Amino acid sequence: MNHTEAISLCIIDDIKSVVDGLTAMDWEEQGITVAGVSSNGEEGLQLISRLRPDLVITDIRMPIMDGLSMLRMVLEENRNCKFILISGYADFDYAQQAVQLGAFDFVVKPFSEEDIMSAALRAKAEITEERMQLLSVREMENKLRESMPVLRQEYFALLVNHRISWEDASERWDFLNIKLEPRGFVVMLIEMDNVREGTAEPSIRELELIRFSLLNIMQETLAEHARSVVFRYRLNQYLAVLNDTGVSSPIEMAEQICRNIERYTKVTISVGVGGRVSEISELPDSYRQAQQALSHHLFTEGNTAIMYDDIHQSGSQEPLALEYKDELLLALRSGNVEKTVAILSTIAVSLQKLVSRQNPNYLLSLYDELAASAIRTFYEMVPYSDIQPLIQSFKAVQGTVGLSLASLQRQLLTLCTEGATLVHKNSLSSGQKVVYKAIDYMKSRLSEDIAVGECAAHVHLSASYFASLFKQVTGMTVTQYMTSERIQKAKVLLVEGAQVQEVALAVGYEERRYFSDVFKKITGQTPSEFRAGYHTDRPET
């Protein structure tokens, strides 16, 4: 109802001249429409029931049914109707009863048109205010109804991330009209696989249509097996919380979702399925398990459902040493594309052998480390304007969800080979090439007492010229560089738990005391103090 609509009025009086006089008043100018008239209370009651006016003007005293009885009956059915009663002085007690029953106002005879119009306009103002309030309430109710899916989504996002007891959750659960049973849940985390390499990038409109279609397919597939709530969780992720009744296997449902989406859309998905939990407060456990299961899609090409119970669990991560990292960076610095490809291939093969025992996030961090080191090298070797487009392109792909390990390896290979090509185009000076060749040699001899002359001889230069060239390229003397590399290697060995004497020998120092003095001069700590900072439970030795 629009609050600007005219106010409808019924006039009821047994005196025809009064009815005619009231009807003849200029109601339309005031936004009031005379909807009907009647000459007695009984007919008036029927008239009001049929027309349901906003306002009634009636006499208290009428034949068949008086205005007071009519008022009582009308207000029992329609509390919003406003009554203005016409009464004589002798009817004052009746008028007071009428006001107590809910009449809006009364006008005492004899009255003028101004008296009636004034009362009617006050009634109109109140009717208009009530309409505006009702409209506001209805708008709020409509907005609340429309926002229910979003409110449910926000609520389940809260439930899977925070432990909330049923006592604290039940009231909002009922308010949001959630159809799930409040016991026995499984959480699924569903992610769009990366768009296949070599395919055209879909437009924003196409992507939104795909995402909408995926949600519908997920909801319809799960509805065949269990009660569930499914919603978009992040840009290309969906979250499903379903009742696990034991009738259908969660992993079978997840696999059915994969098949249906592959069949009816142009994309595929990966699903991580958490374990069953009994209480609402345990939903975060199933959600974290679903996250871990989904992370193992790094080892697949997508379109697969993985159950948390089926993934390899280990108490600690088996460390992987990136012994080829320094070789890779030297190959990049020299612009040697062929050697870059060979080193990356060796890294990929060595990691692949251990995939079944690795945490996906750990492997991701290793590739992130390689990529970050390569990017820093390119910034040092290639003008910003030349290298930045390649780096932006790489980071855009890395930000895509659903990448497999093979995709990561291909993207890193592209970054490194194209970057090495740019390095080669910008060509290192002959002096830089000589120094980096010498550095490669020096790193392989950290455990030996190698002299500047030996390094110079390795690159066929005199000791004095080599020392000068080395300082020019690296900003350090040969001795400073060797010491820095040795201390860095010593730190790694100490953290790994090696004894100080063993570390000293491993980095070319025969005397432990001398090694300790050099170590403290550079780090501010003795080797034992440094190691103790990482292993507080071990005695210093």
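Residues numbered from 1 in each chain as written. Predicted model: local features only at pLDDT ≥ 70, side-chain atom pairs only at ≥ 80, totals over all residues. Heavy atoms only, no water.

A. Geometry of the overall build of the protein chain. Tallying secondary structure elements over the protein chain gives 21 helices and 10 strands in all. For 541 residues, the compact-globule formula gives about 24 Å, and the C-alpha radius of gyration of the protein chain, at 42 Å, lies well above that figure. Taken across its 541 residues, the protein chain has 44% of its residues classed as buried. Partitioning the intrachain contacts of the protein chain with sequence separation of at least 6 by distance along the chain shows that 68% fall at a separation of at least 24. Just so you have it, the protein chain exposes about 28,600 Å², and 50% of that area is on carbon and sulfur atoms. (Helix = DSSP H or I, 4+ residues; strand = E, 2+ residues; numbered from the N terminus. Rg over C-alpha atoms; globule rule 2.2 N^0.38 Å. Buried < 20%, exposed > 50% of the residue type's maximum accessible area, 1.4 Å probe, protein only. Contact = heavy atoms within 4.5 Å. Areas by Shrake-Rupley, 256 points an atom, 1.4 Å probe, with all protein chains shown as cover.)

B. Expanded view of the packing of helix 15 (residues 430-443) against helix 17 (residues 463-474). Contact geometry of helix 15 with helix 17 gives a least axis separation of 10 Å together with a crossing angle of 95 degrees. Here helix 15 is positioned roughly perpendicular relative to helix 17, judged by the angle of their axes. On helix 17, the residues that touch Gly431, Gln432, Val434, Val435, Tyr436, Ala438, Ile439 and Met442 of helix 15 are Phe466, Leu469, Phe470, Val473 and Thr474. Along the lines of polarity and charge, the residues of the contact of helix 15 with helix 17 split into 10 nonpolar, three polar and no charged. (Axes fitted to C-alpha atoms, helices over the stretch in contact; angles between N-to-C directions. Parallel < 35°, antiparallel > 145°, perpendicular 65-115°, else oblique. Nonpolar A, V, L, I, M, F, W, Y, C, P; charged D, E, K, R; others polar.)

C. Structural context of the environment of Ser213. Assignment of secondary structure puts Ser213 in helix 7 (residues 204-223). Residue Ser213 is classed as partly exposed on the basis of its relative accessible area of 30%. A C-alpha to C-alpha distance of 8.7 Å links Ser213 and Ile261, two positions 48 residues apart in sequence.

D. Region of the structure containing the nonpolar core. Ranked by internal contacts, the top residues of the largest apolar core, which has 50 residues, are Leu332, Leu412, Leu415, Phe466 and Phe470. The biggest single contributor to this core is helix 12 (residues 360-381), with nine residues. Discounting chain neighbours no more than four positions away, the residues touching Phe466 are Ala438, Val452, Cys455, Ala456, Val459, Leu461 and Val478. One finds Met192, Leu222, Ala226 and Val267 within the second-largest nonpolar core, a separate group that totals 28 residues. (Core = buried A, V, L, I, M, F, W, Y, C linked by side-chain atoms within 4.5 Å.)

E. Inspection of the pattern of salt bridges at higher detail. Across all of its chains, the model carries 18 salt bridges by this definition. Residue Glu181 pairs with Arg227 through a salt bridge whose shortest N-O separation is 3.0 Å. In this pair, Glu181 sits in the loop between helix 6 (166-175) and strand 6 (185-192) while Arg227 sits in the loop between helix 7 and strand 7 (228-234), placing the two residues 46 residues apart along the sequence. For Arg227, a relative accessible area of 46% corresponds to the partly exposed category. A salt bridge links Glu208 to Arg232, with the shortest nitrogen-to-oxygen separation between them at 3.0 Å. (Salt bridge = Lys/Arg side-chain N within 4 Å of Asp/Glu carboxyl O.)

F. Focus on the sheet that holds strand 7. Read across the open sheet, the five strands follow the order 7-8-6-9-10; overall the sheet is mixed. Single-partner strands in this sheet number two, and they are strand 7 and strand 10 (305-307). Sheet twist, expressed as the average angle between the axes of neighbouring strands with direction ignored, equals 20 degrees. Where strand 9 (residues 269-273) meets strand 10, three bridges bridge the pair, whose relative direction is parallel. Bridging from a neighbouring strand, Val273 pairs with Met307 of strand 10. Along the sheet, helix 7 contacts strand 6, strand 7, strand 8 (237-243) and strand 9; its crossing angle with strand 7, the most-contacted strand, is approximately 155 degrees. (Pairing = 2+ DSSP bridges.)

G. Geometry of the sheet that holds strand 5 (residues 105-108). One open sheet holds the five strands; their spatial order is 2-1-3-4-5, and the pairing between them is parallel. The open sheet terminates on both sides in strands that have one partner only, identified here as strand 2 (32-38) and strand 5. Put simply, the sheet's adjacent strands are angled 20 degrees from each other on average, direction ignored.

H. Structural view of the pairing of strand 2. One ladder, built from six bridges, connects strand 1 (residues 7-12) with strand 2; its direction is parallel. By the bridge assignment, Ser8 is partnered in strand 2 with Thr33. The handedness of the strand 1 to strand 2 crossover, carried by helix 1 (residues 16-23), is right-handed. (Right-handed = clockwise from strand over helix to strand, strands pointing away.)

I. Up close: the packing of aromatic side chains. Per the counting criterion, the structure on display carries 14 aromatic pairs. Taking 5.6 Å as the distance between ring centres and 70 degrees as the angle between the ring planes, the aromatic pair formed by Phe519 and Phe530 counts as edge-to-face. Taken together, the positions of Phe519 in helix 20 (residues 512-523) and Phe530 in helix 21 (residues 527-532) put the pair 11 residues apart, joining distant regions of the chain. Just as Phe519 is buried, Phe530 falls in that class too. (Phe/Tyr/Trp six-rings, centres within 6.5 Å; stacked < 30°, edge-to-face > 60°.)

J. Highlighting helix 20. With 12 residues, helix 20 ought to run about 16 Å at 1.5 Å a step, and its terminal C-alpha atoms sit 16 Å apart, in line with that. Listed as buried for helix 20 are Phe515, Ser516, Val518 and Phe519. End-on view of helix 20: buried residues confined to an arc of 165 degrees, all on one side of the axis. Opposite the buried face of helix 20, at more than 90 degrees from it, the exposed residues are Arg513 and Lys521. Where the residues of helix 20 are buried, they touch helix 18 (478-495), helix 19 (500-506) and helix 21. Where helix 20 ends, the next residue or the one after it, Gly524, has phi of about 85 degrees, a positive value. (Expected span 1.5 Å × (residues − 1). Arc of directions from axis to C-beta.)

K. A look at the pairing of strand 6. Among the eight residues that make up strand 6, eight are buried, leaving the element largely enclosed by the rest of the structure. Neither face of strand 6 is left uncovered, since the one carrying Phe185, Val187, Leu189 and Glu191 and the one carrying Val186, Met188, Ile190 and Met192 both have all their residues buried. Judged from the seven bridges that link them, strand 6 and strand 8 form a sheet pairing that is antiparallel. Each bridged residue has a counterpart across the sheet, and for Phe185 the counterpart in strand 8 is Asn243. Strand direction decides the pairing type here: strand 6 and strand 9, joined by five bridges, are antiparallel. The residue bridging Leu189 from the neighbouring strand is Gly272, located in strand 9.

L. Molecular detail of the environment of Glu369. Along the polypeptide, Glu369 turns up in helix 12. When the C-alpha positions of Glu369 and Leu461 are compared, they lie 35 Å apart, and in sequence the two are 92 residues distant.

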